[in-house]
Amino acid sequence: MRIEMRCHMLKWVMACVFAGQIVSADPVDQVTLAAQSAFDGLPQVRLVDQISGQCGADETVNQTVAYCTTRNQIFLTGPAVDDPQTLYMLAHAFGHAVQVRHGVADFALGQIRRRRAEEAMLRGLVTRQVECIAGFIMSRAGLPHTDLTDLFTDEPFTGSHWGRDPLHIGPKVSIGLAARAEWFAIGQQGDLAACAPGEFTSDLLMDALNP
């Protein structure tokens, strides 16, 4: 009987994944399932009491969401789960993970090392693509479109929030709230191929995308 019930539950879960749309009672789960079904090798999400102390993070690291590439884990603080900004922030962290796990981050780092004078510009392009991927993941999760300027008055994620252990030395980038909102909105249209700011094409993303 229990085996039969589990089979029915599995069939129900599989039925909820249709045409790229993830159906779940928990929006955090929706975002997680959407990201992990779209791309292989993405991190698991760990609910923690605080970000500080995780993967070399200190109080300067974002205290809501942080992505540790060394462990391939995303840390999410428990109280943040009920915050309306959390879904975007989680999708943003998954955006970094997509780049890391599928070659974009390596390509970007190579360009940065060769073109130090253009580092700020290059990191800005990388960040725009992250926002676009985040919007795509939100769309794939079947969540309503969100304008980042309605969620934030100041630009989010300008401090350390992803990288290797120790997280407190992770990249710090500012491109302005308007640019983040623009590329997040592009991603929410559901076309990953559009996530190609400047010289950063979407080729590696499209190669990694599961049907």
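Residues numbered from 1 in each chain as written. Predicted model: local features only at pLDDT ≥ 70, side-chain atom pairs only at ≥ 80, totals over all residues. Heavy atoms only, no water.

Chemist: Explain the packing of helix H5 (residues 119–140) against helix H7 (residues 177–188) to me, please; I cannot follow it from the model alone.
Modeler: If you want to describe how two helices pack, look at the angle between their axes and the distance between the axes. Between H5 and H7, whose axes approach to 6 Å, the crossing angle comes to 40°. Our classification of the angle between H5 and H7 gives oblique. Every pair of crossing elements has a handedness; the one defined by H5 and H7 is right-handed. Along the contact surface, H5 presents Thr-127, Arg-128, Glu-131, Cys-132, Ala-134, Gly-135, Phe-136, Met-138 and Ser-139, while H7 presents Ala-179, Arg-180, Trp-183, Phe-184, Ile-186, Gly-187 and Gln-188. Counted by class, the contact of H5 with H7 contains eight nonpolar, five polar and three charged residues. (Axes fitted to C-alpha atoms, helices over the stretch in contact; angles between N-to-C directions. Helix = DSSP H or I, 4+ residues; strand = E, 2+ residues; numbered from the N terminus. Parallel < 35°, antiparallel > 145°, perpendicular 65-115°, else oblique. Left-handed = near helix turned anticlockwise from the far one by under 90°. Contact = heavy atoms within 4.5 Å. Nonpolar A, V, L, I, M, F, W, Y, C, P; charged D, E, K, R; others polar.)

Chemist: I'm lost on H5 in this one. Help?
Modeler: Because each turn of an α-helix spans 3.6 residues, side chains separated by three or four positions in sequence point in the same direction. Helix length check: H5, at 22 residues, gives a terminal C-alpha distance of 31 Å against a target of 32 Å (1.5 Å per residue), a fit within 8%. Burial within H5 is extensive, with 17 of its 22 residues counted as buried. Within two residues after H5, Gly-142 carries a phi angle of roughly 75°, on the positive side. (Expected span 1.5 Å × (residues − 1). Buried < 20%, exposed > 50% of the residue type's maximum accessible area, 1.4 Å probe, protein only.)

Chemist: What's the story with the side chain of Thr-77 in this structure? I'm lost.
Modeler: Mapped onto the elements, Thr-77 comes out in strand E5 (residues 73–77). Of the residues examined, Thr-77 reaches a relative accessible area of 7% and is grouped as buried. Not counting the four nearest positions on each side in its chain, Thr-77 is found in contact with Val-48, Asp-49, Gln-50, Ile-51, Gln-63 and Thr-64.

Chemist: Please explain unusual backbone geometry as it appears in this structure.
Modeler: Peptide bonds are trans in most cases, and residues, glycine excluded, mostly fall at negative phi. Note the cis peptide between Asp-165 and Pro-166, where omega equals 10°. Here Pro-166 shows up in the loop between strand E6 (162–163) and H7. Despite not being glycine, Asn-72 has its phi angle at roughly 50°, a positive value. One can find Asn-72 in the loop between strand E4 (65–68) and E5. Look at Phe-157: it is not a glycine, yet its phi comes out positive at around 60°. By the element assignment, Phe-157 lies in the loop between helix H6 (148–151) and E6.

Chemist: Just checking my understanding: could you explain the environment of Phe-39 for this structure?
Modeler: With respect to the element layout, Phe-39 can be found in the loop between helix H2 (27–38) and strand E3 (44–48). On the basis of relative accessibility, which here comes to 1%, the residue Phe-39 falls in the buried class. Sequence separation between Phe-39 and Asn-210 is 171 residues, and the spatial gap between their C-alpha atoms is 5.9 Å.

Chemist: What's the story with the layout of surface pockets in this structure? I'm lost.
Modeler: The method is simple in principle: a probe with the dimensions of a water molecule rolls over the atoms, and the space it marks as empty is what remains. Roughly 620 Å³ of volume is contained in the largest pocket. The set of elements that each furnish at least two residues to the lining of the largest pocket consists of helix H3 (86–101), helix H4 (104–114), H5 and E6. For the lining of the largest pocket, a count of residues per class yields twelve nonpolar, eight polar and five charged. (1 Å grid on protein atoms, 1.4 Å probe; cavity = no way out; pocket = protein on both sides within 12 Å on 5 of 7 lines; lining within 4 Å. Points joined across faces, edges and corners; volume = space filled by probe spheres on them.)

Chemist: I would appreciate a short explanation of the confidence of the model for the protein chain in the present structure.
Modeler: The predicted coordinates ought not to be read in detail in places where the model reports low pLDDT. The pLDDT averaged across the protein chain works out to 89; a share of 88% of its residues lies at or above 70. In the predicted structure, residues 1–24 sits below a pLDDT of 50 and forms 18 contacts with residues beyond four places in sequence or in another chain. (pLDDT = per-residue confidence, 0-100.)

Chemist: Help me understand the pattern of salt bridges in this model?
Modeler: Pairing of side chains with opposite charge becomes possible as their charged atoms draw close. Overall, the coordinates contain six salt bridges when judged by the stated rule. One salt bridge connects Glu-119 with Arg-116, and the closest N-O pair in it is separated by 3.4 Å. Between Arg-180 and Glu-155 there is a salt bridge, with its nearest N and O atoms 2.8 Å apart. Residue Arg-180 is found in helix H7, and its partner Glu-155 is found in the loop between H6 and E6; the two are separated by 25 residues along the sequence. (Salt bridge = Lys/Arg side-chain N within 4 Å of Asp/Glu carboxyl O.)

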